[in-house]
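Listed below, chain by chain, are the residues.
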Amino acid sequence: MDTHSTATHFYPLLLPLLPSADVSSSPSPQEAVRCSASSLEPGGLYLVHAPLTLLLWVGTHVPACTLVQLFNISCFSSLPSGETKLPALENPLSMSVRSLIDTLNSQAPYARKLWVVKQGDTCEEALQRHLVEDKSPNGGASYADFLYHLHVNSVRLLQ
């Protein structure tokens, strides 16, 4: 695993996919937000880009028009969770999200599948394992806690 893949493995990218006022701009890895549950807004769509998987998190309050543009489904409850392939729809949101996913997949040496994770669904546990800034459910340290621990021990060793 190269350096970039290793860094992404330990700190996955959390990319917001909300349509912006500027429809011509597509989401990019440079716009990643903090990898924490507090970054996930119920009205948003987020892509978790980890080396082994791509997870598309869909909030419960995503507008119906956004669901139609991306999944060709008008109701959150009829959106299936799990492995999926986005339909090829001819609208700016669908094209930009599919383009981003294709770009991220082209950078990986192997094919990755896209998983849809609905807010509040049982599949959400798979996504929460990638939110490294949150404490793990089994009591493990968060990423910030780990960095603090490294810093304190490094300073202690240097004294």
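Residues numbered from 1 in each chain as written. Predicted model: local features only at pLDDT ≥ 70, side-chain atom pairs only at ≥ 80, totals over all residues. Heavy atoms only, no water.

A look at the overall build of the protein
Turning to step 1, where the next piece is worked out: For the protein, the count of helices and strands is five helices and five strands.
Turning to step 2, where the next piece is worked out: Sequence-ordered secondary structure for the protein, helices as α and strands as β, is α-β-β-β-α-β-α-β-α-α.
Turning to step 3, where the next piece is worked out: A total of 159 residues make up the protein; the buried ones form 37% of that total.
Turning to step 4, where the next piece is worked out: Split by element, the accessible area of the protein, about 9300 Å² in all, is 57% carbon and sulfur. (Helix = DSSP H or I, 4+ residues; strand = E, 2+ residues; numbered from the N terminus. Buried < 20%, exposed > 50% of the residue type's maximum accessible area, 1.4 Å probe, protein only. Areas by Shrake-Rupley, 256 points an atom, 1.4 Å probe, with all protein chains shown as cover.)

Quick word on the pairing of strand β5 (residues 114–118)
Turning to step 1, where the next piece is worked out: Taken across its five residues, β5 has four buried, putting it largely inside the fold.
Turning to step 2, where the next piece is worked out: As judged from the three bridges shared by strand β4 (residues 82–84) and β5, these two strands associate in the antiparallel manner. When the sheet's bridge partners are listed, E83 is paired in β5 with W115. (Pairing = 2+ DSSP bridges.)

Some thoughts on the nonpolar core
Turning to step 1, where the next piece is worked out: One finds L47, L56, V58, L70, F71 and L86 to be the most contacted residues of the largest nonpolar core, which totals 22 residues.
Turning to step 2, where the next piece is worked out: Of all the secondary structure elements, the ones that give two or more residues to this core are β2 (45–50), β3 (53–58), α2 (64–71), α3 (92–106) and β5.
Turning to step 3, where the next piece is worked out: Sorting elements by how many residues they give to this core places α3 first, with five residues.
Turning to step 4, where the next piece is worked out: Residue contacts for L70: discarding those within four places in its chain leaves L45, L56, L86, P87, L89, L93, S94 and V97. (Core = buried A, V, L, I, M, F, W, Y, C linked by side-chain atoms within 4.5 Å. Contact = heavy atoms within 4.5 Å.)

Overview of α3
Owing to its 3.6 residues per turn, the α-helix brings residues three or four apart onto one side.
Turning to step 1, where the next piece is worked out: Between the first and last C-alpha of α3 there are 21 Å, a value that for 15 residues agrees with the 21 Å anticipated at 1.5 Å per step.
Turning to step 2, where the next piece is worked out: Here α3 has its buried residues at L93, S94, S96, V97, R98, L100, I101 and L104.
Turning to step 3, where the next piece is worked out: Considering only its buried residues, α3 is in contact with β1 (13–16), β2, β3, α2 and β5.
Turning to step 4, where the next piece is worked out: If you check the start of α3, you find a side-chain oxygen 3.3 Å away from the backbone N of L93, and it comes from N91. (Expected span 1.5 Å × (residues − 1). Polar contact = N/O pair within 3.5 Å; in protein donor to acceptor, adjacent residues only side chain to side chain.)

Some remarks on unusual backbone geometry
Turning to step 1, where the next piece is worked out: For N72, which is not glycine, the phi dihedral falls at a positive 60°.
Turning to step 2, where the next piece is worked out: With respect to the helices and strands, the residue N72 is situated in the loop between α2 and β4.
Turning to step 3, where the next piece is worked out: Residue N72 is classed as exposed on the basis of its relative accessible area of 54%.

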